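So you can see what is in the structure, the chains are spelled out below.
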Amino acid sequence: MKRSSVRAFGVACFLIGAILTIANQYNIPIITSKEENVQQYKEQIAELELQLKKANEKLEQTEQTKQNSKAVQSKETTQETQEVESSQENTIPDKSDKIVSGTLYIYSGLTSAEVAQKLKDLGVIKNSVEMELFLAQPEYAKSIQKGQFELDSSMSVEEIANIITGKPQE
């Protein structure tokens, strides 16, 4: 063999050794066996499966919490509906009841809750919560008029709301 060929072969071996050493130093996989790759993939799969399991557990907890809150809300809604129905029964005046009349004064800045409380204090209505909820509806909430209004207990909640908001009687 020629000297130049042996010299070139030696330089090539030196360079390959240097490259492998640097790759090993910085954890750069240049030459890996299939067994190492398979092992790495198995570890990654196990890690991903664990993450998936945790995510599914969190999802189940969230769904259970959501279902519990819906159940509680439905119970509360049912109770509120029953309360409103019972309050509606209480606010419909009987013909045998004594009719109470009074003058309601509404000034700027009064809330629907305060108006409802004033009506209850006058004795025109029996349940201020029902009136407050009725006045909280969008078509009534922003149109409560200032002034004085002659009202009596023979009027329905809707009639009273129409009078104090200036809406025409139906």
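Residues numbered from 1 in each chain as written. Predicted model: local features only at pLDDT ≥ 70, side-chain atom pairs only at ≥ 80, totals over all residues. Heavy atoms only, no water.

Visitor: An account of the overall build of the chain is needed here, citing residue identities and associated values.
Guide: When its secondary structure is counted, the chain shows 6 helices and 2 strands. For the chain, the α and β elements follow one another from N to C terminus as α-α-β-α-α-α-β-α. A buried classification covers 19% of the 170 residues belonging to the chain. Long-range contacts, defined here as pairs at least 24 residues apart, represent 55% of the contacts in the chain between residues at least 6 apart. Of the roughly 13600 Å² of accessible surface on the chain, a fraction of 54% belongs to carbon and sulfur atoms. (Helix = DSSP H or I, 4+ residues; strand = E, 2+ residues; numbered from the N terminus. Buried < 20%, exposed > 50% of the residue type's maximum accessible area, 1.4 Å probe, protein only. Contact = heavy atoms within 4.5 Å. Areas by Shrake-Rupley, 256 points an atom, 1.4 Å probe, with all protein chains shown as cover.)

Visitor: Tell me about the nonpolar core, and please be specific about residues and values.
Guide: Counting residues in each nonpolar core, the largest one holds 19 residues, and the members touching the most others are Val115, Leu119, Met131, Leu151, Ile160 and Ile164. Of all the secondary-structure elements, those providing two or more residues to this core are strand 1 (101-106), helix 3 (112-122), helix 4 (128-135), strand 2 (147-152) and helix 6 (157-165). In this structure isoleucine 164 touches Leu104, Ile106, Val115, Met131, Leu135, Ser143, Ile144, Gln145, Phe149 and Leu151, once residues within four positions along its chain are discounted. (Core = buried A, V, L, I, M, F, W, Y, C linked by side-chain atoms within 4.5 Å.)

Visitor: Before we move on, could you go through helix 4 and cite the residues and values that matter?
Guide: Along an α-helix, residues three or four positions apart point the same way, because every turn accommodates 3.6 residues. Buried within helix 4 we find Ser128, Glu130, Met131, Phe134 and Leu135. Each buried residue of helix 4 lies within a common arc of 160° when the element is viewed along its axis, so the set occupies one face. For helix 4, the capping residue at the N-terminal end is asparagine 127, with a side-chain oxygen 3.0 Å from the backbone nitrogen of valine 129. (Arc of directions from axis to C-beta. Polar contact = N/O pair within 3.5 Å; in protein donor to acceptor, adjacent residues only side chain to side chain.)

Visitor: Describe the side chain of asparagine 162, with residues and values.
Guide: Within the secondary structure layout, asparagine 162 lies in helix 6. Setting aside its immediate chain neighbours within four residues, asparagine 162 contacts Tyr140, Lys167, Pro168 and Gln169.

Visitor: Report on the environment of glycine 166, specifying residues and quantitative values.
Guide: On the secondary structure map, glycine 166 appears in the segment after helix 6. In this structure, the C-alpha to C-alpha distance between glycine 166 and isoleucine 144, residues 22 residues apart in sequence, is 7.5 Å.

Visitor: So what's going on with the packing of aromatic side chains? Residues and values would help.
Guide: Scanning the entire structure with this criterion turns up 1 aromatic pair. An angle of 35° between the planes, with centres 5.0 Å apart, marks the rings of phenylalanine 134 and tyrosine 140 as tilted. Tyrosine 140 shares its class with phenylalanine 134; the two are buried. (Phe/Tyr/Trp six-rings, centres within 6.5 Å; stacked < 30°, edge-to-face > 60°.)

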